[in-house]
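# Descriptive analysis of the structure
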Amino acid sequence: MAIRIGIPRALAYYSFYPQWKTFFEELGAEVVLSPLTNKHIVNEGIRNTVTDACIPIKVYHGHVASLADKVDYIFVPRIVGLDHDATLCPKFLGLPDMIKSSVKGIPLLLTPRFDVRDGRFAPVKAWMKVAKMLGAGYHQALRAYRKSIKVKQYYEDLLTSRMLPEEAMSLLDKWAASLKDEQKKLSDMKSSIASARASSAQTLESQNGNIRLAVVGYPYMIYDEFVNCGLLDTLKRLGTTILTPEMVPAKARQAQAKKQPKYLFWYYSNQVIRAVYYFFQENMVDGVIHLTAFACGPDAMVDKLLELDCQKHGRIPYLSLCLDEHTGRAGIITRLEAFTDMLVRKRGGKR
Ligand code: SF4
């Protein structure tokens, strides 16, 4: 029977799941993903976490607990550095330790440390160690790693073609299931990404009369529809065009770094600010919505910086929404409706 690896559907899942899944499946493991966030998962997270943790960390604990009796291992990477400018927030750095000490009755954890600052080959070495723990040979592990990196690239291409993570992931799954031949699979993915990009450009074109909103924040806040009370669905219902940081290509975000008076210490925070600078530069948005997590240290800084930047760039309207486990859907909907109504009026239009 294949080894079952559990992956919590939270935190860096939104950035890396297709890569992780591909790697483990290429090693012959079965990947078990925790369910969509729900009330039970949030409650389990609250029960298993220290009280002053932010909501994404509580939710992560709940996802780990939900996998406890279903898998042989749970994948809880220690992600330290994804670029040379910053590290991830301290809670990411201590995640495996927090989980080990807080969630009882869990199976063994796979906790590779990823830090690009340890050298060019550090990530591949980390993956090779994981493969060895799972009993895979060197060549099989290297093949799995190379394929996982290709899939990561396709996933990022789909996101920059303005797909949301769940849509992009299900498209990748469909491709993987429908094509047997490996080479054909990869070349088919490339051409499908090109057509997805063309059609999303057309969609934006056809929505040009709509209010265009940058919805920014950490991916685990923007794309977890339970945590953010269905924010993206509400904005779609209100007829807005939504842009998120993951829709900006990594190189274009990096090019904005020179506009930051000072880099922040935290990777995701820099990505949020650079994406907003890019939207301003390209004149792509009528307003900015920032999703912040209650008790998030980095967000205290990011939120103020974004507010000031919006003022500096022609007083672009700015809405900050702070979320925790008590946030109610009705309150979010009311604020989104008021914000979009204000933007419509500002343009001289009517609803
Ligand atoms: S960046 Fe903020 S929201 Fe994200 S894990 Fe750290 S403290 Fe929590």
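Refer to the structure printed above.
Definitions and cut-offs
Each chain has its residues counted from 1, running along the sequence as written. Local features in this predicted model are restricted to residues whose pLDDT is 70 or higher, and side-chain atom pairs enter the listing and the counts only when it is 80 or higher, whereas totals over whole chains, interfaces and linings include all residues. As a rule here, side-chain values come from all non-hydrogen atoms in the structure, and water together with hydrogens is ignored. Think of it in three bands: residues with accessible area under 20% of the maximum for their type are buried, residues over 50% are exposed, and the middle band is partly exposed, with areas taken using a 1.4 Å probe on protein chains only. Think of it this way: any DSSP run of H or I at least four residues long counts as a helix, any run of E at least two long counts as a strand, and we number them from the N terminus. Paired strands are those between which DSSP finds at least two bridges. Here a residue is considered near a molecule or strand provided that any single heavy atom belonging to it is located within 4 Å of it. Throughout this entry, Asp, Glu, Lys and Arg are counted as charged residues, while Ala, Val, Leu, Ile, Met, Phe, Trp, Tyr, Cys and Pro are counted as nonpolar. The remaining residues, Gly among them, count as polar. Interaxial angles span 0 to 180 degrees and are taken between N-to-C directions of axes, which are lines fitted to C-alpha atoms, for helices over the stretch in contact. Here the word oblique covers every angle except those under 35 degrees (roughly parallel), over 145 (roughly antiparallel) and from 65 to 115 (roughly perpendicular). By the convention used here, residues are in contact when the closest approach between their heavy atoms is within 4.5 Å. If you view a crossover with the strands going away from you and the path from the first strand over the helix to the second runs clockwise, you call it right-handed.

## Thoughts on the pairing of strand β9 (residues 287-293)
By the criterion of burial, β9 is predominantly enclosed, with 7 of the 7 residues buried. With burial as the criterion, each face of β9 is covered, one bearing Gly287, Ile289, Leu291 and Ala293 and the other bearing Val288, His290 and Thr292. Pairing between strand β7 (residues 212-216) and β9: 4 bridges, direction parallel. What sits directly across from Ala214, in β9, is Val288.

## Topic: the site of the ligand
Around the ligand, the surrounding shell consists of Cys54, Pro56, Cys89, Lys91, Phe92, Tyr218, Tyr220, Ala293 and Cys296. Taken together, the residues of the shell around the ligand sort by class into 8 nonpolar, no polar and 1 charged.

## A short note on the packing of helix α1 (residues 13-26) against helix α8 (residues 165-178)
One can describe the packing of α1 onto α8 by two numbers: an axis separation of 10 Å at closest approach and a directional angle of 10°. On the basis of their axis angle, the class for α1 and α8 is roughly parallel. Side by side, α1 and α8 meet where Tyr13, Tyr14, Tyr17, Pro18 and Lys21 of the first sit next to Pro165, Glu166, Met169, Leu172 and Asp173 of the second. Grouping the amino acids of the contact of α1 with α8 by side-chain chemistry returns 7 nonpolar, no polar and 3 charged.

## Remarks on the pairing of strand β1 (residues 4-7)
By the bridge criterion, 4 bridges tie β1 to strand β2 (residues 30-33) in an arrangement that is parallel. Its bridge partner being in β2, Gly6 is matched across the sheet by Val32. Read as a crossover between parallel neighbours, the route from β1 over α1 to β2 is right-handed. Judged from the 2 bridges that link them, β1 and strand β3 (residues 73-75) form a sheet pairing that is parallel. Within β3, the residue paired with Gly6 across the bridge is Ile74.

## Digging into the sheet that holds strand β10 (residues 318-323)
One key point about sheets: their strands pair by backbone hydrogen bonds, in either a parallel or an antiparallel sense. Sheet architecture is open: 4 strands sit in the order β8-β7-β9-β10, paired in parallel fashion. Two strands in the sheet have a free side with no partner beyond their single neighbour: β8 (241-243) and β10. Each neighbouring strand pair of the sheet contributes to a mean axis angle of 25°, computed without reference to strand direction. Note: β9 against β10, 6 bridges, orientation parallel. Along β10, the bridge assignment pairs Leu291 with Leu321. Packed on one face of the sheet, helix α13 (residues 267-281) meets β7, β8 and β9 and runs near 165° to β7.

## Focus: the packing of helix α2 (residues 39-48) against helix α3 (residues 55-67)
The interhelical angle for the contact between α2 and α3, taken along N-to-C directions, is 105°, at an axis separation of 7 Å. On the basis of the axis angle, α2 is roughly perpendicular to α3. Contacts between α2 and α3 pair Ile41, Val42, Glu44, Gly45, Ile46 and Asn48 from the former with Ile55, Lys58, Val59, His61, Gly62, His63, Ala65 and Ser66 from the latter. Of the residues that constitute the contact of α2 with α3, the class distribution is 6 nonpolar, 6 polar and 2 charged.

The quantities given are spatial measurements derived from coordinates; they are silent on function.
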